[in-house]
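Chain by chain, the residues:
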Protein chains: 2
Amino acid sequence: MYPQRFEDLISVLEKLPGVGNKTAQRYAFALLEKEDEEIQKAIDALSGLKQIRKCHTCGFLSDEEECSFCKDKTRNPSTIMVLAYPQDVVAIEKTGSYKGKYHVLNGLISSSKGIYPEDINIEKLLSRIDDSIKEVIIATSPTMDGEMTALYLDKVLKDKGVLVTRLAHGLPMGASLDYADDLTLIKALDNRRKIESE
Amino acid sequence: MYPQRFEDLISVLEKLPGVGNKTAQRYAFALLEKEDEEIQKAIDALSGLKQIRKCHTCGFLSDEEECSFCKDKTRNPSTIMVLAYPQDVVAIEKTGSYKGKYHVLNGLISSSKGIYPEDINIEKLLSRIDDSIKEVIIATSPTMDGEMTALYLDKVLKDKGVLVTRLAHGLPMGASLDYADDLTLIKALDNRRKIESE
């Protein structure tokens, strides 16, 4: 019922994850109100998408052969943190407490989805392991697929003789103990630490 | 931390209504996975936006001088339904039970937002009223601003000697009586109708 060009825009927006027809209409009307300049920015950003690829070394997003993290000479090259998705790199980076290199799997091993080790960015990770690498930190999410991937990586990396560590599991900071689920409590108890007095 | 072109896309998406940084990232990653052909469709749809304007007669969206409803000779030209937004036209049209003409105000009179009768598409409506118009149906939403606009329109249209009607207020179909709010119940009681036996 809308002009064809407007219907086209709605059907494009409808394909975004979690967006139904009503939300797509709402977005389309919001775009209609925008200045030409803003629309041009959106067009330019979409046109630029074609130039975004995966970093040849670590799998993070880049518009060049190597991403900014791999090119950065100030980062410690002897530690590699393994993450499932590019978003996870940003989450870690925001904390400001990690200064090593990254490796993005761009997926997780999943028996339910039929994703096997060869389907994700693991081979490249193994080829990065040499004598210069002191530690590989596995930082996949503590979900079923994340755990399965971590176990697999632990096995193949240990065969290469490198120190493999994982992010700690336990109570999230600021959380109320009685709201924590059983598995988290069990992990927090298992991984309890001696209080270091100064 | 992402490549600049990708950050640009996120900041464009962040400006959509109700979209925060996380959702914008999610949309951007979904777009990244799309085929070039899909992205081109999105670019074309955005480029086409500039050609969408408001129908010169009724205020609905159109990519020509007159919208498809105003051009449609099969619709009854003696009835005009007045609506607040283009989306409302689509909602009414979907029911398939109205075959007259439309008039879109593209806004509502609002004392709280400082929107006055001259700020919305009312003057054009008044200029459409002549002896050929038999009825004007006011179909603004039963909200504060919608009611205020309806009262104002009722006054100025009656001065022109045209029959003015409003959409009925009452219990929505399928709703449970004990979940209806007081105002709706009062309206439903006030507007009760004699049951017509056949």
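For the structure itself, look to the data block above.
Residues numbered from 1 in each chain as written. Chains lettered and ligands numbered in written order. Predicted model: local features only at pLDDT ≥ 70, side-chain atom pairs only at ≥ 80, totals over all residues. Heavy atoms only, no water.

1. Details of empty space enclosed by the protein
Taking a probe equal in size to a water molecule and rolling it over the atoms shows the remaining empty space.
Working step 1: For the structure on display, the rule yields 2 cavities of 30 Å³ or more.
Working step 2: Lining the largest cavity are 17 residues; nearest its centre among them are Leu13(A), Leu46(A), Leu13(B), Leu31(B) and Leu46(B).
Working step 3: For the lining of the largest cavity, the secondary-structure elements that each account for two or more residues are α1 (4-13) and α3 (36-48) of chain A together with α1 (4-13) and α3 (36-48) of chain B.
Working step 4: Among the residues making up the lining of the largest cavity, the classes are represented as 14 nonpolar, no polar and 3 charged.
Working step 5: Its boundaries defined by the atoms lining it, the second largest cavity holds a volume of some 40 Å³.
Working step 6: Looking at the second largest cavity, the residues that line it are Leu31(A), Lys34(A), Glu38(A), Ile39(A), Ala42(A) and Val12(B).
Working step 7: Element by element, the count of residues in the lining of the second largest cavity is highest for α3(A), at 3 residues.
Working step 8: Split into classes, the residues belonging to the lining of the second largest cavity amount to 4 nonpolar, no polar and 2 charged. (1 Å grid on protein atoms, 1.4 Å probe; cavity = no way out; pocket = protein on both sides within 12 Å on 5 of 7 lines; lining within 4 Å. Points joined across faces, edges and corners; volume = space filled by probe spheres on them. Helix = DSSP H or I, 4+ residues; strand = E, 2+ residues; numbered from the N terminus. Nonpolar A, V, L, I, M, F, W, Y, C, P; charged D, E, K, R; others polar.)

2. Section: the interface of chain A and chain B
Working step 1: Each partner contributes to the interface: chain A provides 50 residues, whereas chain B provides 50 residues.
Working step 2: The contact between chain A and chain B buries some 4,700 Å² in all, and 73% of this surface belongs to carbon and sulfur atoms.
Working step 3: Considering only the surface of chain A that becomes buried against chain B, Met1(A), Arg5(A) and Leu46(A) emerge as the three largest contributors, covering 15% of it.
Working step 4: At the boundary of chain A with chain B, the tally comes to 4 salt bridges.
Working step 5: A salt bridge links Arg5(B) to Asp63(A), with the nearest nitrogen and oxygen atoms 3.3 Å apart.
Working step 6: Inspection of the region where chain A meets chain B yields 7 residue pairs in polar contact (both at pLDDT 80 or more).
Working step 7: Listing elements by their share of the side of chain A that touches chain B, those giving two or more residues are α1, α2 (21-33), α3, β2 (61-62), α4 (68-71) and α5 (86-95) of chain A.
Working step 8: If you tally residues by element for the side of chain A that touches chain B, the top one is α3(A), at 11 residues.
Working step 9: The residue inventory of the side of chain A that touches chain B, partitioned by class, reads 26 nonpolar, 10 polar and 14 charged. (Contact = heavy atoms within 4.5 Å. Buried area = accessible area lost by both parts, 1.4 Å probe. Salt bridge = Lys/Arg side-chain N within 4 Å of Asp/Glu carboxyl O. Polar contact = N/O pair within 3.5 Å; in protein donor to acceptor, adjacent residues only side chain to side chain.)

3. Regarding the environment of Lys15(B)
Working step 1: Structurally, the position occupied by Lys15(B) is in the loop between α1 and α2 (21-33).
Working step 2: Residue classification places Lys15(B) among the partly exposed residues on the basis of a relative accessible area of 40%.
Working step 3: In this structure the C-alpha to C-alpha distance between Lys15(B) and Gly107(B), which are 92 residues apart in sequence, comes to 21 Å.
Working step 4: Excluding residues that lie within four positions of it along the chain, Lys15(B) makes contacts with Lys34(A) and Glu38(A). (Buried < 20%, exposed > 50% of the residue type's maximum accessible area, 1.4 Å probe, protein only.)

4. Focus on the sheet that holds strand β3 (residues 76-83) of chain B
All names here are of chain B.
Working step 1: Read from one edge of the open sheet, 4 strands run β4-β3-β5-β6, paired in parallel fashion. Each of the sheet's edge strands pairs with one partner strand only, and the pair in question is β4 (100-104) and β6 (163-166). Neighbour to neighbour, the strand axes of the sheet diverge by 25° on average, direction disregarded.
Working step 2: Where strand β5 (residues 135-138) lies against β6, 4 bridges are found, and the strand directions are parallel. Bridge assignment links isoleucine 137 to a residue of β6, and that residue is threonine 165. (Pairing = 2+ DSSP bridges. Axes fitted to C-alpha atoms, helices over the stretch in contact; angles between N-to-C directions.)

5. Details of the relation of the copies chain A and chain B
Working step 1: You can overlay chain A on chain B at an RMSD of 0.0 Å; the transform is a turn of 180° with a shift of 0.0 Å along its axis. Look at the turn and shift together and you get a two-fold axis relating the two. The position closest to the rotation axis in chain A is occupied by the C-alpha of Ile43(A), lying 2.8 Å away.
Working step 2: The fraction of interface residues of chain A whose copies in chain B are also interface residues reaches 100%, indicating that both copies meet through the same surface. (Least-squares fit on C-alpha atoms with pLDDT ≥ 70 in both.)

6. As for the packing of α3(A) against α3(B)
Working step 1: Their axes nearest at 10 Å, the elements α3(A) and α3(B) cross at an angle of 165°. The orientation of α3(A) with respect to α3(B), classified from their angle, is roughly antiparallel. As for the relative orientation of α3(A) and α3(B), their crossing is left-handed in sense. Between α3(A) and α3(B), the contacting residues are Ile39(A), Ala42(A), Ile43(A), Leu46(A) and Ser47(A) on the first element and Ile39(B), Ala42(B), Ile43(B), Leu46(B) and Ser47(B) on the second.
Working step 2: Looking at side-chain class alone, the contact of α3(A) with α3(B) contains 8 nonpolar, 2 polar and no charged residues. (Parallel < 35°, antiparallel > 145°, perpendicular 65-115°, else oblique. Left-handed = near helix turned anticlockwise from the far one by under 90°.)

7. Here's the deal with the packing of aromatic side chains
Working step 1: Under the counting rule described, the total for this entry stands at 15 aromatic pairs over all chains.
Working step 2: Relative to Phe60(B), the ring of Tyr2(A) has its centre 5.7 Å away and its plane inclined at 10°; by these criteria the two rings are stacked. Highlighted residues: Tyr2(A) in the segment before α1 and Phe60(B) in the loop between β1 (53-54) and β2 (61-62), drawn from two different chains.
Working step 3: Residue classification places Tyr2(A) among the buried residues on the basis of a relative accessible area of 6%.
Working step 4: Since its relative accessible area comes to 0%, Phe60(B) is described here as buried. (Phe/Tyr/Trp six-rings, centres within 6.5 Å; stacked < 30°, edge-to-face > 60°.)

8. Side note on the side chain of Ser78(B)
All names here are of chain B.
Working step 1: Its place among the elements puts serine 78 in strand β3.
Working step 2: What makes serine 78 buried here is its relative accessible area of 15%.
Working step 3: Reaching out from serine 78, the side chain makes a polar contact with the side chain of asparagine 76 at a distance of 2.7 Å.
Working step 4: Those residues in contact with serine 78 that lie beyond four places of it in its chain are Ser132, Ile133, Lys134 and Glu135.

9. As for α2(B)
Working step 1: For α2(B), which comprises 13 residues, the first-to-last C-alpha distance of 19 Å matches the rise-based estimate of 18 Å (1.5 Å per residue) to within 8%.
Working step 2: When α2(B) is considered as a whole, its buried residues turn out to be Ala24(B), Gln25(B), Tyr27(B), Ala28(B), Phe29(B), Ala30(B), Leu31(B) and Leu32(B).
Working step 3: Of the surrounding elements, those touching the buried residues of α2(B) are α2, α3, β2 and α5 of chain A together with α1 and α3 of chain B. (Expected span 1.5 Å × (residues − 1).)

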